[in-house]
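Close look at the chain arrangement
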Amino acid sequence: MGKLGDEAIDKLIRAGRIAKIVREEAAKMVKPGMKLVDLAEHIENRIRELGGEPAFPTNLSINEIAAHYTPVVNDKTIVPDNAVIKIDIGVHIDGYIADTATTVTCNPVYEPLLEATRKALEAALSILRPGIKAKEIGYIIEKTIENYGYKPVRNLTGHSIDQYIIHSGKSIPNFNDIFSRWKLEDGVYAIEPFATNGVGLVKEGETKTIYSIKKRRGRLTIYERRLFEKIWSERRTLPFCERWYRDMFSNIDGLRNTIKMLERHGVILSYPILIERGGGIVAQFEHTIVVNGNEIIVTTL
Ligand code: MN
Ligand code: MN
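Residues numbered from 1 in each chain as written. Chains lettered and ligands numbered in written order. Predicted model: local features only at pLDDT ≥ 70, side-chain atom pairs only at ≥ 80, totals over all residues. Heavy atoms only, no water.

1. Observations regarding the coordination of the manganese ion (ligand 1)
Within the protein, Asp88 (OD), Asp88 (OD), Asp99 (OD) and Glu286 (OE) serve as the donor atoms for the manganese ion (ligand 1), at 2.1 to 2.4 Å. Going along the chain, you hit the donors of the manganese ion (ligand 1) in the pattern D-x10-D-x186-E. A distance of 3.2 Å spans the gap from the manganese ion (ligand 1) to the manganese ion (ligand 2), which Asp99 bridges by coordinating each metal. With Asp99 in strand 4 (residues 96-105) and Glu286 in the loop between strand 12 (282-284) and strand 13 (287-292), the pair connects residues that are 187 residues apart, well separated along the chain. On the basis of relative accessibility, which here comes to 3%, the residue Asp99 falls in the buried class. (Donors = N, O, S within 2.8 Å, 3.2 Å for Na, K, Ca; no water. Helix = DSSP H or I, 4+ residues; strand = E, 2+ residues; numbered from the N terminus. Buried < 20%, exposed > 50% of the residue type's maximum accessible area, 1.4 Å probe, protein only.)

2. Some words on unusual backbone geometry
Positive phi, close to 55°, is recorded for Asn63, a residue that is not glycine. By secondary structure assignment, the location of Asn63 is in the loop between strand 1 (53-62) and strand 2 (65-67). Judged by its relative accessible area of 18%, Asn63 falls in the buried class. Look at Asp94: it is not a glycine, yet its phi comes out positive at around 50°. By the element assignment, Asp94 lies in the loop between strand 3 (84-93) and strand 4. Residue Asp94 is classed as partly exposed on the basis of its relative accessible area of 40%.

3. Description of the coordination of the manganese ion (ligand 2)
Between any two of four tetrahedral donors, the ideal angle at the metal is 109.5 degrees; between two of six octahedral donors, it is 90 or 180 degrees. Around the manganese ion (ligand 2), the donor atoms from the protein are Asp99 (OD), His159 (NE2), Glu192 (OE) and Glu286 (OE), and they sit 2.1 to 2.2 Å away. When the donor residues of the manganese ion (ligand 2) are listed from N- to C-terminus, their spacing reads D-x59-H-x32-E-x93-E.

4. Comments concerning the sheet that holds strand 4
An order of 1-3-4 is seen for the 3 strands of this open sheet, with the pairing classed as antiparallel. Strands with a single pairing partner mark the edges of an open sheet, and in this sheet they are strand 1 and strand 4. The sheet shows a mean angle of 10° between the axes of neighbouring strands, direction not considered. When strand 1 meets strand 3, the two strands line up antiparallel, connected through 7 bridges. By the bridge assignment for strand 3, Phe56 is matched with Gly90. Where helix 2 (residues 36-49) meets the sheet, it contacts strand 1 and strand 3, and its direction lies at approximately 155° from that of strand 1. (Pairing = 2+ DSSP bridges. Axes fitted to C-alpha atoms, helices over the stretch in contact; angles between N-to-C directions. Contact = heavy atoms within 4.5 Å.)

5. Re the domain arrangement of the protein chain
Splitting the protein chain by domain gives domain 1 (6-204 + 276-298) and domain 2 (210-273). Using C-alpha coordinates to define each centre, domain 1 is positioned 26 Å away from domain 2. Listed per partner, the contact involves 25 residues of domain 1 and 16 residues of domain 2. Across the domain 1/domain 2 interface, buried area totals approximately 1,700 Å², and carbon plus sulfur atoms make up 62% of it. Where domain 1 packs against domain 2, one counts 2 salt bridges. A salt bridge links Arg243 to Glu44, with the shortest nitrogen-to-oxygen separation between them at 2.7 Å. Our count for the contact surface shared by domain 1 and domain 2 stands at 10 residue pairs in polar contact (both at pLDDT 80 or more). (Domains from an automatic or database assignment. Buried area = accessible area lost by both parts, 1.4 Å probe. Salt bridge = Lys/Arg side-chain N within 4 Å of Asp/Glu carboxyl O. Polar contact = N/O pair within 3.5 Å; in protein donor to acceptor, adjacent residues only side chain to side chain.)

6. Observations regarding the environment of Asn292
Following the sequence through the fold, Asn292 ends up in strand 13. A C-alpha to C-alpha distance of 15 Å links Asn292 and Tyr96, two positions 196 residues apart in sequence. In this structure Asn292 touches Lys3, Leu4, Ile9 and Asp186, once residues within four positions along its chain are discounted.

What follows is the structure, given as structure tokens:
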């Protein structure tokens, strides 16, 4: 992202503050038996009430699903009794993004897993300095999680963030990845350890609920074009989900088929759910930081 102006930093801080408030409210709301779709809609409505926009659909990923599940229209999924639920929230103001996550469980058996992940994030934040190598952050995350007897998820990473771009190219590993020699310079980054009692890797699942626009052109039918233009005007390349466009179609199958066709035409991209390969339970905590000269601001803390 390079040197940030005062206005950019102000918007990053405001987005971070909204994300923090909504994350904390959402964590308190989670109760076994509640519908995921109600939680997601509450979160997204609160973001808008507080003056932000969702940077991506709320990810509510349960147990061995590590990430990338957002409820669909009429989703019947409820929070199971013993669930470990990751709440991953994105807020943007004019494209300036805050990305933050927390994990909640009602089952005390999983408290140490949550604790390991929370401590890994705290440890990472505590060693931050401008110019630190990404692999040093990964090292302390891995060590902290291993001290609790768990594994970091090695193929999920933190990332650099740019205006309107959630993953802008650089990855912050969750283990001591010797290839991650690049250094933290001015810009915005998300740090997000994932820990598991499984094998420490995720694979893609069949389910897809989150999408983004990939390219501007395509030979489209009138319905496809209407949906495409609406999404482009609101989201540009930021992710979206079917819940946000249900009112454009008289029935949900019309919307779903149109999304499917846009994907087939190559104009939109889908993000399949990510599942722990060994079926392990996964926890995640995440904060967004701004590096500005000698100063480091954790915008979502
Ligand atoms: Mn996130
Ligand atoms: Mn992130």
